[in-house]
Amino acid sequence: MDRPGTPLVWYVSYGSNLRSSRLAYYLAGGAMPGTTHAYPGCRDRRPPRAAAPLLLPGSVYFALESKVWGGGMAFYDPAAPGLAAARAYLLSRQQFVDVAAQEMHREPGGDLDLTALTARPGAGRAVLGPGRYETVLLVGYWGPVPLLTFTAPWALADVAPTAPSGAYLDMLAAGLRESHGWPPARIAAYLAGLPGAHGVWQPDEIAGRLSAAEATEPAG
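Residues numbered from 1 in each chain as written. Predicted model: local features only at pLDDT ≥ 70, side-chain atom pairs only at ≥ 80, totals over all residues. Heavy atoms only, no water.

Peer 1: Explain the overall build of the protein here, please?
Peer 2: Scanning the protein from terminus to terminus reveals six helices and 10 strands. By the compact-globule yardstick of 17 Å for 220 residues, the protein fits well, its C-alpha radius of gyration being 17 Å. In terms of overall dimensions, the protein has C-alpha extents of about 45 × 40 × 35 Å along its principal axes. Here the protein holds 220 residues, and the buried ones make up 49% of them. Taking the intrachain contacts of the protein between residues at least 6 apart in sequence as the baseline, contacts between residues at least 24 apart amount to 63%. (Helix = DSSP H or I, 4+ residues; strand = E, 2+ residues; numbered from the N terminus. Rg over C-alpha atoms; globule rule 2.2 N^0.38 Å. Buried < 20%, exposed > 50% of the residue type's maximum accessible area, 1.4 Å probe, protein only. Contact = heavy atoms within 4.5 Å.)

As structure tokens, this is what we get:
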């Protein structure tokens, strides 16, 4: 149980952490099967208090190259046209800081200055560094609890798109199925339409990979 007064935040994921088993490695530490990168984990290793699907204004897109998955990584541009599928996890502020630190390739255990998010009305953005996930966004509130995510400091129009790997799309597809409950056709159409994947990955390819993964998952 949290102590009374423990600050909570909703961590909003739109990438591989759409899948709860993926986020678990950021919280508890370790290396996910099929990858070589080991995460140190959070100081507080408990699972999220709650989770819920979200649709955010803006677009997810793929750019740069992932050291874990190969191919492009998912980023979020709130000013781009469209809707971005996401999932919110209720974490302690400390857990959010530690998850963000790991995404920023920093050691967890410190703190992040998030005062810029609320210092000016409507600011909603704290640039903590020039790196890929070093910009924290306030995307709204759920009651009194802030909804926070992180992305790159640049916009979709400022970077060349990069096609994501099949393994990365598989993780996103599984996360969308788990969090939003979408059928394979809708998941495939969404992912295939994102900048970076569009024109490289066809919806039927993505749907086929998802169906194949579902067929090999153990029952129950």
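Peer 1: Explanation requested: the packing of aromatic side chains in the structure shown.
Peer 2: Any aromatic ring pair is given by two values, namely how distant the centres are and how the planes are angled relative to each other. Across all of its chains, the model carries 14 aromatic pairs by this definition. On the numbers, 4.4 Å between centres and 40° between planes, the contact of tyrosine 26 with tyrosine 39 is tilted. One end of the pair, tyrosine 26, is in helix H1 (residues 20-28); the other, tyrosine 39, is in strand E3 (residues 38-39), with 13 residues separating them in the sequence. Of the two residues, tyrosine 26 and tyrosine 39, both sit in the buried class. Ring geometry for phenylalanine 96 and phenylalanine 150: centres 5.7 Å apart, planes at 40°, overall tilted. On the criterion of sequence distance, the pair formed by phenylalanine 96 in helix H2 (residues 93-103) and phenylalanine 150 in strand E10 (residues 145-151) is long-range, its members being 54 residues apart. A residue is classified by how much of its surface remains accessible, and phenylalanine 150, at 3% relative accessible area, is buried. What links up through ring pairs into an aromatic cluster is the set Tyr11, Tyr61, Phe75, Tyr89, Phe96, Tyr133, Phe150 and Trp154. (Phe/Tyr/Trp six-rings, centres within 6.5 Å; stacked < 30°, edge-to-face > 60°.)

Peer 1: Any chance you could explain helix H6 (residues 203-216) here in plain terms?
Peer 2: Side chains three or four residues apart in an α-helix point the same way, a direct result of the helix having 3.6 residues per turn. Compared with an ideal rise of 1.5 Å per residue, which puts 14 residues at 20 Å, H6 spans 20 Å between its outermost C-alpha atoms and is within 8% of the ideal. Listing the buried residues of H6 in full gives Ile206, Ala207 and Leu210. Along the axis of H6, the buried positions cluster into a sector of 95°, meaning they face one direction only. Opposite the packed face of H6, turned more than 90 degrees from it, sit the exposed residues Asp204, Ala215 and Thr216. Buried-residue contacts for H6 involve helix H4 (166-180) and helix H5 (184-192). (Expected span 1.5 Å × (residues − 1). Arc of directions from axis to C-beta.)

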